[in-house]
Amino acid sequence: GAVVSQHPSRVICKSGTSVKIECRSLDFQATTMFWYRQFPKQSLMLMATSNEGSKATYEQGVEKDKFLINHASLTLSTLTVTSAHPEDSSFYICSASLGPVNTEAFFGQGTRLTVV
Amino acid sequence: KQEVTQIPAALSVPEGENLVLNCSFTDSAIYNLQWFRQDPGKGLTSLLLIQSSQREQTSGRLNASLDKSSGRSTLYIAASQPGDSATYLCAVMSSGYSTLTFGKGTMLLVSP
């Protein structure tokens, strides 16, 4: 299958700072990328869908000004957690697909964010 | 809105047993269903993907079945091993989307 690389795998930051997480499709062009969040012992919840060159679509309840998503190229999407707080501590996973509808998505390794 | 439920939430078995994990979904208009494995603190490893037109998929000791009309899928693991210990997630892609709706997972512990 296709390879999606997510970086960093772990990050610890202080409250009030911002953290950027990168998601790269290494061997294919991803027109659509997705960002999920997973709380301990919970399932993955979709945060937003990003299409290359356009604004991301956020799920209900996800603050777009807090979770900034940029999809500037067909191989890179970034998620920036702005003014992080301890409650933002979570596991963030990206996935990338060839298209917006009914195409298989491939997952990154995830990023464990801890805000202290 | 699609909802995915996995039963049981946790399962503990001795090595060598065959076991079945269950997944149900509320909207049968799906494009595919996928089973993942997640080790603690790690990302997702795709195990099996079943297209909506298929009834089952097999990979080694794993067999996944799909009954779209009843909204059910099962993951069968034969001759379980301690290395199979992980959380198994079921995820559904609804028709017209590329996002996945995940269940909460089944945490499997296989003891030697």
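How each quantity is defined
Every chain is numbered independently, its residues counted from 1 as its sequence is written. Chain letters start at A and ligand numbers start at 1, both assigned in the order the entries are written. Only residues with pLDDT of at least 70 are given local features in this predicted model, and only at 80 or more are side-chain atom pairs given and counted; all residues enter the totals for whole chains, interfaces and linings. Heavy atoms throughout the structure, all of them, feed into the side-chain values; hydrogens and water do not. We count a stretch as a helix when DSSP gives it H or I for four or more residues in a row; a strand needs E for two or more, and each element gets its number in order from the N terminus. Distance and chemistry together define a polar contact, namely a pair of N or O atoms within 3.5 Å, with one atom able to donate a hydrogen and the other to accept it when in protein, and with adjacent residues in sequence counting only for side-chain atoms on both sides. Contact definition: two residues touch when any of their heavy atoms are within 4.5 Å. Cysteine sulfur pairs qualify as disulfides if the two atoms are within 2.5 Å. Buried, partly exposed and exposed residues are distinguished by accessible area as a fraction of the type maximum, computed with a 1.4 Å probe on protein chains only: under 20%, between the cut-offs, and over 50%, respectively.

Q: Would you mind going over the side chain of Ser80(B) in detail, with residue names and values included?
A: Residues and elements named next belong to chain B. Residue placement: Ser80 occurs in the loop between β8 (72–77) and β9 (86–94). At 2.8 Å, the side chain of Ser80 forms a polar contact with the backbone oxygen of Glu17. The residues touching Ser80, leaving out its near neighbours within four places in the chain, are Val13, Pro14, Glu15, Gly16, Glu17, Leu19, Arg61 and Val110.

Q: Could you give me a rundown of the state of the cysteines, with the residues and numbers involved?
A: Two cysteines joined by a covalent bond between their sulfur atoms form a disulfide. Within this structure, the stated rule accounts for 2 disulfides over all chains. One disulfide bridge connects Cys23(A) with Cys94(A), the sulfur atoms lying 2.0 Å from each other. Handedness here is read from the sign of the S-S torsion; for Cys23(A) and Cys94(A), about 80°, the answer is right-handed. Of the two residues, Cys23(A) is situated in strand β3 (residues 19–25) and Cys94(A) in strand β9 (residues 90–97); the sequence distance between them amounts to 71 residues. Accessibility expressed as a relative area gives 0% for Cys23(A), which makes it buried. Judged by its relative accessible area of 0%, Cys94(A) is buried. Disulfide pairing places Cys23(B) opposite Cys90(B) at an S-S distance of 2.0 Å. As the torsion about the S-S bond is roughly -60°, the Cys23(B)-Cys90(B) disulfide counts as left-handed. Placement of Cys23(B) in strand β3 (residues 19–25) and of Cys90(B) in strand β9 is noted, with a sequence separation of 67 residues between them. Side by side, Cys23(B) and Cys90(B) carry an identical accessibility label, which is buried.

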